[in-house]
Amino acid sequence: MTRNDVILGIVAAVLIAFSLFVALVVPRRDPGFPGRNLRLFVVVAVLLIVGMLTAVEVFGESHHFAAAGESAPAETGAGTTPTTTGGGGGPSGNPAAGKQIFTTTAQPACETCHTLAEAGATGTVGPNLDDVLKGKDAAFIHESIVDPNAQIASGYQAGIMPQTFGQQLNDQQLADLVAFLVQATKG
């Protein structure tokens with residue numbers, strides 16, 4: 001959980017607490033609420049809503065990057081170490097091993113749902129990887145595997161891709177798969 005997540009959670013908690021307080025507690029103490037305090041109530045409610053929207057815009061970094069068509073910077077933490085295709089902090093990936101993972105190791109195999117020319121895959125349940133991954137970097141591809149709902153390809157909905165590949169594949173397997181997909185979709 002990042003600092004931004006904590007800030008968003010606090011702002012949301014304040015808005016929810018205010019909503020519950022004015023809906024459940026205040027009417028019992030003052031049945032005529034808001035009555036002559038209507039203007040104050042409206043001002044406070046509007047300020048809280050604007051504050052929440054501002055907090056989401058400022059601290060909701062993944063939404064900002066998705067709207068801009070960019071991939072969010074990878075966060076490091078348990079199970080989320082970004083993989084590299086050489087040089088960086090994660091294991092180097094082997095594209096040949098990654099192809100094996102794409103076609104057989106991952107369950108269900110990636111090729112059953114996706115089209116990818118390099119693997120001879122023609123699945124249509126998920127997006128065509130030749131198109132949606134063209135020119136994408138390793139961090140974006142890694143995130144798409146371990147958190148497939150972070151950014152959804154146009155025309156598809158959340159929840160189609162299994163959410164378990166981040167746990168099913170070890171760091172080396174993820175690095176290999178990412179290296180294969182980067183190589184296969186260079187554009």
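Just so it is clear, the model here is predicted, and its values are computed rather than measured.

Each value, and the rule that gives it
Residues numbered from 1 in each chain as written. Predicted model: local features only at pLDDT ≥ 70, side-chain atom pairs only at ≥ 80, totals over all residues. Heavy atoms only, no water. Buried < 20%, exposed > 50% of the residue type's maximum accessible area, 1.4 Å probe, protein only. Helix = DSSP H or I, 4+ residues; strand = E, 2+ residues; numbered from the N terminus. Contact = heavy atoms within 4.5 Å. Polar contact = N/O pair within 3.5 Å; in protein donor to acceptor, adjacent residues only side chain to side chain. Phe/Tyr/Trp six-rings, centres within 6.5 Å; stacked < 30°, edge-to-face > 60°. Lys NZ or Arg CZ within 6 Å of the ring centre and 35° of its normal. Axes fitted to C-alpha atoms, helices over the stretch in contact; angles between N-to-C directions. Parallel < 35°, antiparallel > 145°, perpendicular 65-115°, else oblique. Left-handed = near helix turned anticlockwise from the far one by under 90°. Nonpolar A, V, L, I, M, F, W, Y, C, P; charged D, E, K, R; others polar. 1 Å grid on protein atoms, 1.4 Å probe; cavity = no way out; pocket = protein on both sides within 12 Å on 5 of 7 lines; lining within 4 Å. Points joined across faces, edges and corners; volume = space filled by probe spheres on them. Disulfide = S-S within 2.5 Å. Core = buried A, V, L, I, M, F, W, Y, C linked by side-chain atoms within 4.5 Å. pLDDT = per-residue confidence, 0-100.

## Topic: helix α4 (residues 95-105)
Inspection of α4 places G98, I101, F102 and T103 among the buried residues, and these make up the whole buried set. Those residues of α4 hidden inside the fold are in contact with β1 (115-116), β2 (121-122), α5 (129-132) and α8 (171-184). Measuring from the backbone nitrogen of A96 back to the side-chain oxygen at the start of α4 gives 2.9 Å, which picks out N94 as the cap.

## Here's the deal with the packing of aromatic side chains
In this structure the tally under the stated criterion is three aromatic pairs. With 5.4 Å between their ring centres and 80 degrees between their planes, F33 and F41 make a pair best called edge-to-face. You can call F33 partly exposed: its relative accessible area is 24%. A relative accessible area of 25% places F41 in the partly exposed class. Taken together, F18, F33 and F41 form an aromatic cluster joined through their ring pairs. The ring of F140 has K136 sitting right over it, with the charged end atom 4.8 Å from the ring centre.

## A short note on the packing of helix α6 (residues 138-146) against α8
Put simply, α6 and α8 touch, their axes get as near as 9 Å, and they point 125 degrees apart. Between α6 and α8, the crossing angle belongs to the class labelled oblique. Once α6 is placed against α8, the crossing between them reads as right-handed. Contacts between α6 and α8 involve A138, I141, H142, I145 and V146 from the first element and L174, L177, V178, L181 and V182 from the second. Partitioned by chemical class, the residues of the contact of α6 with α8 number nine nonpolar, one polar and no charged.

## Structural notes on unusual backbone geometry
Cis geometry is found at the peptide bond from F33 to P34, where omega equals 0 degrees. Topologically, P34 is positioned in the loop between α1 (3-29) and α2 (38-59).

## A look at the layout of surface pockets
Its volume calculated, the second largest pocket comes out at about 580 Å³. Lining the second largest pocket are 33 residues, with H114, P127, L129, S144 and M161 sitting closest to its centre. Mapped onto the lining of the second largest pocket, the elements with two or more residues apiece are α5, α6 and α8. Per-element tally for the lining of the second largest pocket: the top contributor is α6, with four residues. When the residues that make up the lining of the second largest pocket are grouped by side-chain class, the tally is 24 nonpolar, eight polar and one charged.

## A look at the state of the cysteines
Note on terminology: disulfide describes a covalent bond linking the sulfur atoms of two cysteines. On inspection of all chains with the given rule, the structure shows zero disulfides. Just so you know, C113 is unpaired, no disulfide at all, and the nearest cysteine sulfur is the one on C110, 8.4 Å from it.

## Some points on the nonpolar core
Ranked by size, the top nonpolar core spans 23 residues in total, and within it F102, L116, I141, I145, L177, F180 and L181 carry the most contacts. The set of elements that each furnish at least two residues to this core consists of α4, α6 and α8. When residues in this core are grouped by element, the largest group, seven residues, is from α8. Contacts of I141, omitting those with residues within four sequence positions, involve L133, K136, V178, L181, V182 and T185.

## Considerations on the confidence of the model for the protein
Across the protein, pLDDT averages 81, with 83% of residues at or above 70. For the protein, helix α3 (residues 61-68) is the element with the lowest average pLDDT, namely 44, and β1 is the one with the highest, namely 94. Segment residues 62-88: pLDDT under 50, and 39 contacts once partners within four positions in sequence are set aside and those in other chains are kept.

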